Amino acid sequence: MKIYDISQEVFGCNVFPGDPQPERIVQMKISDGEICNLTALKMCAHNGTHVDAPFHFIDGGKTIDEVDMHRFVGYAYVASHDGDITAEDARQIIQKAKSAEELVDTGDDKASNRILVKGKAVMTEEAARVFAEAGILLFGNESQTVGPEDAPMAVHLIMLGAEIVLLEGIRLSEVEDGVYLLNAAPINLGGADGAPCRALLMSL
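What you are looking at is a predicted structure, and each value in this text was computed from that prediction instead of being measured.

**Q** Can you walk me through the nonpolar core in this structure?
**A** Burial of nonpolar side chains together is a common tendency in soluble globular proteins. Tyr77, Ile85, Ile115, Met123, Phe131, Phe139 and Met159 are the most contacted members of the largest nonpolar core, which has 29 residues in total. Listed by contribution, the elements that provide at least two residues to this core are strand 5 (73-80), helix 1 (87-101), strand 7 (114-118), strand 8 (121-123), helix 2 (125-134) and helix 3 (153-161). Element by element, the count of residues in this core is highest for helix 1, at six residues. The next biggest cluster of nonpolar side chains, apart from the first, holds 24 residues, and it includes Ile6, Val78, Ile170 and Ala184.

**Q** I tried to follow the packing of helix 1 against helix 2 on my own but got confused; where do I start?
**A** Geometry of a packed helix pair, given as the angle between the helix axes and the separation of the axes. Orientation of helix 1 relative to helix 2, taken along the N-to-C sense of each, is 35 degrees, at an axis distance of 7 Å. For the pair helix 1 and helix 2, the sense of crossing is right-handed. In contact with Ala87, Ala90, Arg91 and Ile94 of helix 1, helix 2 contributes Glu126, Ala127, Val130, Phe131 and Ala134. A class-by-class count of the residues in the contact of helix 1 with helix 2 yields seven nonpolar, no polar and two charged.

**Q** How should the side chain of Gln144 be read in this particular structure?
**A** Locating Gln144 in the fold gives a position in the loop between strand 9 (138-141) and helix 3. Its relative accessible area of 9% is what places Gln144 among the buried residues. One polar contact links Gln144 to Gln8, side chain to side chain, over a distance of 2.7 Å. A polar side-chain atom of Gln144 sits 3.1 Å from the main-chain carbonyl oxygen of Gly48. Residue contacts for Gln144: discarding those within four places in its chain leaves Gln8, Asn14, Val15, Phe16, His46, Asn47, Gly48, His50, Glu168, Gly169 and Arg171.

**Q** What exactly am I supposed to notice about the packing of aromatic side chains here?
**A** Note on aromatic pairs: each is described by the distance of the centres and the angle between the planes. Tallied over the full model, the rule gives two aromatic pairs. Here Tyr4 and Tyr180 contribute two aromatic rings whose centre-to-centre distance is 5.9 Å and whose plane-to-plane angle is 90 degrees, an arrangement assigned as edge-to-face. With a gap of 176 residues between them, Tyr4 in strand 1 (residues 3-5) and Tyr180 in strand 11 (residues 178-183) connect regions that are remote in the sequence. Of the two residues, Tyr4 and Tyr180, neither departs from the other in class, the shared state being buried. Residues Phe131 and Phe139 carry aromatic rings whose centres are separated by 5.2 Å and whose planes lie at 45 degrees to one another, so their mutual orientation is tilted. Note on accessibility: Phe131 and Phe139 belong to one class, buried.

**Q** Hey, could you run me through a nonpolar patch on the surface in this one?
**A** Together, Val10, Leu41 and Met43 give the surface a local cluster of nonpolar side chains, amounting to about 230 Å² of exposed area. On the secondary structure map, Val10 appears in the loop between strand 1 and strand 2 (23-28).

**Q** Please clarify how the packing of helix 2 against helix 3 should be interpreted in this entry.
**A** At a minimum axis distance of 9 Å, the contact between helix 2 and helix 3 shows a crossing angle of 10 degrees. The orientation of helix 2 relative to helix 3 falls into the category roughly parallel. On helix 3, the residues touching Glu125, Ala128, Arg129, Phe131 and Ala132 of helix 2 are Ala154, Val155, Ile158 and Met159. Looking at the contact of helix 2 with helix 3, its residues break down into seven nonpolar, no polar and two charged.

Rules used in this analysis
Residues numbered from 1 in each chain as written. Predicted model: local features only at pLDDT ≥ 70, side-chain atom pairs only at ≥ 80, totals over all residues. Heavy atoms only, no water. Core = buried A, V, L, I, M, F, W, Y, C linked by side-chain atoms within 4.5 Å. Buried < 20%, exposed > 50% of the residue type's maximum accessible area, 1.4 Å probe, protein only. Helix = DSSP H or I, 4+ residues; strand = E, 2+ residues; numbered from the N terminus. Axes fitted to C-alpha atoms, helices over the stretch in contact; angles between N-to-C directions. Left-handed = near helix turned anticlockwise from the far one by under 90°. Contact = heavy atoms within 4.5 Å. Nonpolar A, V, L, I, M, F, W, Y, C, P; charged D, E, K, R; others polar. Polar contact = N/O pair within 3.5 Å; in protein donor to acceptor, adjacent residues only side chain to side chain. Phe/Tyr/Trp six-rings, centres within 6.5 Å; stacked < 30°, edge-to-face > 60°. Patch = residues over 30% accessible without salt bridge, like charges linked within 9 Å, V, L, I, M, F, W, Y side chains within 5 Å. Areas by Shrake-Rupley, 256 points an atom, 1.4 Å probe, with all protein chains shown as cover. Salt bridge = Lys/Arg side-chain N within 4 Å of Asp/Glu carboxyl O. Parallel < 35°, antiparallel > 145°, perpendicular 65-115°, else oblique.

And the structure:
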C-alpha cells in the first residue's frame, strides 16, 4: 500500500484572497534555555488543505463537529479535469467512478460517494446540482474554494445545502486517476464552519 499526502504544508500554504496567512508563534525554545520547544498557531479554519461544513455558508447548518465522520473517511475516486466542470462533466465523472469501483471490492462504501478532482477545475452551479442530486458525501478539489473564486457563494449553497463535505486545497499531482482510500478527518473544532485536515490517500 502506498500513502499519498495530499495536504499542503500549513505555514507556506496557498490562502484564499482576503483570508489571513497562517502564523507560527514560537513560545519556547530549548536553544534559549527553555525546557522544550513550543509552538502556538494563528490561522483561519479555511487555510491550506481544509474542509467546509454546511455552517460555512448556511446559518443553522451543521458545524464541523456535527458532521458524520463517515463523510471524511472511506473510498474515493480521483478524476482529472481542467477548466469549468459542466453538468455533463459531472455526470461523466460519477459514471467513471461507478465503473472503477466495480473493479474493486469496496463493500457498501462506494468510491463514487467521494469525488476528488485533479487539475485546475472550477465547479459550475449546474455541475454542483448534479453532484447534489447524486447524493455524494464529499467533493474535493485543488483550488482553495469550490466554484469561481470571485463568486463562490452559489456553488457552496448548492453543495453544502445537500450536506456535501467540501475538501479544498488538496494536492493531487502525484496521484493517478482511480479508486483510493481517503482519510480527510478534520480537527475537531467545536462550533466551527470548517477545519484544517491532514488529507491522505492510500492505494488499494
